[in-house]
Amino acid sequence: MNGSRIAAVGHYQPARQLTNAELAGMVDTSDEWITSRVGIRTRHIAGPDEPVDELAAHAAAKALAAAGLGPDDIDLVLVATSTAVDRSPNMAARVAARLGIPKPATMDLNVVCAGFTHTLATADHIVRGGGASRALVIGADKMSEVTDWTDRTTCVLVGDGAGAAVVERSEESGIGPVLWGSVPEMGHAVRIEGQPARFAQEGQSVYRWATTQLPPLARQACERAGLVPADLAAVVLHQANLRIIEPLAEKIGAVNAVVARDVVESGNTSAGSIPMAFSKLVERGEIAKGDPVLLFGFGGNLSYAGQVVRCP
């Protein structure tokens, strides 16, 4: 076996929902202002007793159950996050402990909004290289904890949640070659900095870059998988802004694809956004087993990563 595939996916969001109407009572904003600019109507917010690793563990447990596997079947845990409070133990080790995984390799990756697609590619390379047989790949962020809730330009954007995938060896590859990179000189455009850490971004800079530079990159990711965009059954972009997502899918040329729009109900959940949106499409039956799906993350650093995967 010299390939890898996604065997199953899962997602989790906190029970507490925060609507645009509630936000309008906290800062100078309105439902019309938020929906017209970013398309978000609600988001889920974790409580003080719900840390990142708990969100991640819930999503991972659902992916394991969907794959029909148990903790003993996993030998690698990778968590993409940029909102871990503690440096050690890392989130991957804490997730492994919560799930009772006996002796996995555990690593966190911080590539912010492109974290899940970077981490998926890393797991694919490790599994295909023989370094692990099955991996849990998780994107999880608690953006509410790094948000200034008096800043109307950022607090309307964020939500909390996690998504996970089980990656395993297979005879044929179900995870296409990754296209990844960054624009270091634009690293200032999306930031989580300071003490206490706070999320900030230059929205117009990110919008211009994403809508002009990302379409050819996404098409290259399809080419690396031996496909053209019209072959795609679904497109799952980082769920940052509906005004970015909808034009991008059209510019990519994915004319036959279901376009994930989870941002409307979940907001921007950073590394959690792509796996959550993907898992929901699978759960609702909007895509079928074996369908080609483009996953493409972009954002902080300014980093990007994308690959075509086969739906589990």
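In what follows, the structure referred to is the one given above.
Residues numbered from 1 in each chain as written. Predicted model: local features only at pLDDT ≥ 70, side-chain atom pairs only at ≥ 80, totals over all residues. Heavy atoms only, no water.

## Remarks on the packing of helix 3 (residues 52-67) against helix 4 (residues 91-99)
Moving on, step 1. For the pair helix 3 and helix 4, the least separation of the axes is 9 Å and the interaxial angle reads 55 degrees. The angle between helix 3 and helix 4 falls in the class oblique. Crossing hand, helix 3 versus helix 4: right-handed. Residues V52, D53, E54, A56, A57, A60, A61 and L64 of helix 3 form the contact with helix 4, whose participating residues are M91, R94, V95, R98 and L99.
Moving on, step 2. Classifying every residue of the contact of helix 3 with helix 4 gives 9 nonpolar, no polar and 4 charged. (Axes fitted to C-alpha atoms, helices over the stretch in contact; angles between N-to-C directions. Helix = DSSP H or I, 4+ residues; strand = E, 2+ residues; numbered from the N terminus. Parallel < 35°, antiparallel > 145°, perpendicular 65-115°, else oblique. Left-handed = near helix turned anticlockwise from the far one by under 90°. Contact = heavy atoms within 4.5 Å. Nonpolar A, V, L, I, M, F, W, Y, C, P; charged D, E, K, R; others polar.)

## Brief notes about unusual backbone geometry
Moving on, step 1. Cis geometry marks the peptide bond from S88 to P89, where omega comes out at -5 degrees.
Moving on, step 2. By secondary structure assignment, the location of P89 is in the loop between strand 4 (76-80) and helix 4.
Moving on, step 3. At the junction of Q195 and P196, the peptide bond is cis and its omega measures out at 0 degrees in the coordinates.
Moving on, step 4. Its place among the elements puts P196 in the loop between strand 9 (190-193) and strand 10 (198-201).
Moving on, step 5. With phi around 55 degrees, S270 is a residue other than glycine that occupies positive phi space.
Moving on, step 6. By the element assignment, S270 lies in the loop between helix 9 (263-266) and helix 10 (273-283).

## Comments concerning the packing of helix 7 (residues 203-224) against helix 8 (residues 242-252)
Moving on, step 1. Where helix 7 meets helix 8, the closest approach of the two axes is 9 Å, and the angle between their N-to-C directions is 35 degrees. Taken as a pair, helix 7 and helix 8 cross one another with a handedness that is right-handed. Counting all contacts with helix 7, which are made through Y207, A210, T211, L214, P215, A218 and R219, the residues of helix 8 involved are R243, I244, L248, K251 and I252.
Moving on, step 2. Looking at side-chain class alone, the contact of helix 7 with helix 8 contains 8 nonpolar, 1 polar and 3 charged residues.

## Brief notes about the pairing of strand 10
Moving on, step 1. The pairing of strand 9 with strand 10 spans 4 bridges and is classified as antiparallel. Note on strand 10: the bridge partner recorded for R191 is A200. (Pairing = 2+ DSSP bridges.)

## Notes on the nonpolar core
Moving on, step 1. Formed by 47 residues in total, the largest nonpolar core has its most connected members in W209, L232, L294 and F296.
Moving on, step 2. Within the residue set of this core, elements represented by two or more residues are helix 7, strand 11 (234-237), helix 8, strand 13 (292-299) and strand 14 (303-310).
Moving on, step 3. Looking at this core, the element that brings in the most residues is helix 7, giving 8 residues.
Moving on, step 4. Sequence-distant contacts of L232, defined by excluding residues within four places in its chain, comprise C222, A254, N256, A257, P292, V293, L294 and V308.
Moving on, step 5. Counting 28 residues, the second-largest nonpolar core is a separate cluster that includes I6, A132, V137 and L281. (Core = buried A, V, L, I, M, F, W, Y, C linked by side-chain atoms within 4.5 Å. Buried < 20%, exposed > 50% of the residue type's maximum accessible area, 1.4 Å probe, protein only.)

## What about the sheet that holds strand 1 (residues 3-12)?
Moving on, step 1. Spatial strand order, 1-7-6-4-5: 5 strands in an open sheet with mixed pairing. At either margin of the open sheet sits one strand with a lone partner, and together these are strand 1 and strand 5 (105-109). Taken over all neighbouring pairs, the strand axes of this sheet differ in orientation by 20 degrees on average, direction set aside.
Moving on, step 2. Strand direction decides the pairing type here: strand 1 and strand 7 (residues 160-170), joined by 9 bridges, are antiparallel. Its bridge partner being in strand 7, Y12 is matched across the sheet by A162.

## Quick word on the pattern of salt bridges
Moving on, step 1. Summed over the entire model, instances satisfying the criterion amount to 14 salt bridges.
Moving on, step 2. As a salt-bridge pair, E22 and R16 come within 3.3 Å of each other at their nearest N and O atoms.
Moving on, step 3. Relative accessible area serves as the criterion here: at 33%, E22 is assigned to the partly exposed category.
Moving on, step 4. Each of the salt bridges in this network shares a partner with another, and the network as a whole consists of R5, R134 and E168. (Salt bridge = Lys/Arg side-chain N within 4 Å of Asp/Glu carboxyl O.)

Remember that the coordinates give geometry; whether it matters functionally is a separate question.
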